[in-house]
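If you want the building blocks of each chain, they are given just below.
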Amino acid sequence: SAQHSAQHSAQHSAQPGGGASSLKLQDGAAPDGTDHMAAFCEQLLALLRAERPLLERRGRLIVAALCETLGPRGIFETLARGLTSEADLDFASQMVQALNVLVLTSAEALALRSLLRKGVGTAEGAALFRTLYPAWCHNPASLLSMCLVAQAYEHAAELVMQFASLEITLPFLLQIDKLVQLVESPIFTHVRLHLLEPEQHPHLLRALGGILMLLPQSPAFHTLQARLAAVPELGIFRLQLEARKPSKSTASDAAASSLDWRGLLQTYKQVQQRHADRLLEQPRGAGGLDASSGARGLPSEHTAGRA
């Protein structure tokens, strides 16, 4: 059954030496077809929800092994659909954090990461972005990193402005701090190169500038400040001139218009309102700095370098 397969895979991965390279589904355990995949992932989410320490210790390893066996896109899209309607908001946020680390850094998710890097201006990239988006709304820092990887710079800038309505906690700031580390990693090479053309990517400057304003005076603040200071002054001057002219749509803008950006932003607001309502319902001192929404949302600079 799907439940037995999920439990067996997770338990095997949790054993010493039961890593991504050694975890293989038993004969007949691999779900074939959309219905079987959905049932399998549903039972896996139920198992990780009930066994939170397993998620923290081995959750990413389990999903990475499944990606290696069954393919990353099917696993991620099916898990994302399950998390979209997840009632346990803390679990949803923590699970998205784990999945986001895999998308950005793991070798098993390389094909998925490459698809996102092509950007929302491509049909496949836009389709993947649309599928993952509702689940990623459970964790704002993870959603912002996905927008940057997928070159959805205008939407990333809008999200940063939406962060003003969040309860800014230390764990959230730590996630943003680690996002800055990612910007300096090979994962975000294409993003850094786009800074050479500020007139072509004005919203990227706005998004990164907004992140800078969110950060307190810290090493991450100075790192990002130095990166933005390296943006060519001539490009900024051209950007100022272009701002005085009527805007022109580009081919990538036309392709990205297949996405309902206003609807996506509304989805983000609705999900975050659910999280805000949950915090209000908790006893004083129970929310805010909860570890489940803490600093695990983005990979460290050590794991980021592997991409």
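Scroll up for the structure.
Residues numbered from 1 in each chain as written. Predicted model: local features only at pLDDT ≥ 70, side-chain atom pairs only at ≥ 80, totals over all residues. Heavy atoms only, no water.

(A) Up close: the pattern of salt bridges. Tallying each qualifying case throughout the model produces five salt bridges. Here Arg49 ties to Glu86 by a salt bridge, and the two come within 2.7 Å at their closest N and O atoms. Of this pair, Arg49 sits in helix α2 (residues 34-50) while Glu86 sits in the loop between α4 (72-84) and α5 (89-105), and the two are 37 residues apart along the sequence. Note on Arg49: relative accessible area 29%, which makes it partly exposed. Under the relative-accessibility criterion, Glu86 is labelled buried at 6%. In this structure, the salt-bridge partner of Arg52 is Asp88, at a minimum N-O distance of 3.0 Å. Of this pair, Arg52 sits in helix α3 (residues 52-70) while Asp88 is found in the loop between α4 and α5, placing the two residues 36 residues apart along the sequence. (Salt bridge = Lys/Arg side-chain N within 4 Å of Asp/Glu carboxyl O. Helix = DSSP H or I, 4+ residues; strand = E, 2+ residues; numbered from the N terminus. Buried < 20%, exposed > 50% of the residue type's maximum accessible area, 1.4 Å probe, protein only.)

(B) Quick peek at the side chain of Arg278. Here Arg278 lies in helix α16 (residues 261-281). Side-chain polar atoms of Arg278 contact the side chain of Asp90, separated by 3.2 Å. With sequence-adjacent residues up to four places away left out, Arg278 is seen in contact with Leu89 and Asp90. (Polar contact = N/O pair within 3.5 Å; in protein donor to acceptor, adjacent residues only side chain to side chain. Contact = heavy atoms within 4.5 Å.)

(C) Layout of α3. Arg58 marks where α3 bends most, by close to 70°. For α3, the complete set of buried residues consists of Leu54, Leu55, Gly59, Ile62, Val63, Ala64, Ala65, Leu66 and Cys67. (Bend = angle between axes of the 7 residues up to and from the residue.)

(D) Up close: α5. Between its first and last C-alpha atoms α5 spans 24 Å; for 17 residues at 1.5 Å apiece the expected length is 24 Å, and the two agree. Of the residues flanking the start of α5, the one acting as N-cap is Asp88, its side-chain oxygen 3.4 Å from the backbone nitrogen of Asp90. (Expected span 1.5 Å × (residues − 1).)

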